[in-house]
Amino acid sequence: MKIKYCKNCKIYTLQENCKKCGNATSSAHPPKFSPLDPYGKYRRKLKLEAEK
Ligand SMILES: [Zn+2]
């Protein structure tokens, strides 16, 4: 899945052009850590999945 980013609106989208402003989006990686997701929680989830 390709993630695109609109620098204008500072949003992530899957579209080649931003739905909001119509600007061409650039490819981007999704943020590794969401502010809503504490760092520790993320690490624990990764560990759990590695143990399966
Ligand atoms: Zn935009």
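None of these values were measured; they are calculated from a predicted model. (Residues numbered from 1 in each chain as written. Predicted model: local features only at pLDDT ≥ 70, side-chain atom pairs only at ≥ 80, totals over all residues.)

**A closer look at the overall build of the chain**
Our working definition: Every helix listed is a DSSP run of H or I at least four residues long, and every strand listed is a run of E at least two residues long, numbered separately from the N terminus. Residues with at least 20 neighbouring C-beta atoms inside 10 Å of their own are called buried, those with 12 or fewer are called exposed, and the rest are partly exposed, where every C-beta is derived from the backbone.
In terms of regular secondary structure, the chain is built from one helix and three strands. Ordered by position from N to C terminus, the α and β elements of the chain give β-β-β-α. Across the 52 residues that make up the chain, the buried fraction comes to 4%.

**Some points on the environment of Ser27**
Just so we agree on the cut-off: What counts as a contact here is a pair of residues whose C-beta atoms, placed from the backbone, lie within 7 Å.
Relative to the assigned elements, Ser27 resides in strand S3 (residues 26-27). For the pair Ser27 and Tyr12, spaced 15 residues apart in the sequence, the C-alpha separation amounts to 9.2 Å. When sequence neighbours within four positions are dropped, the list of residues in contact with Ser27 reads Lys2 and Lys4.

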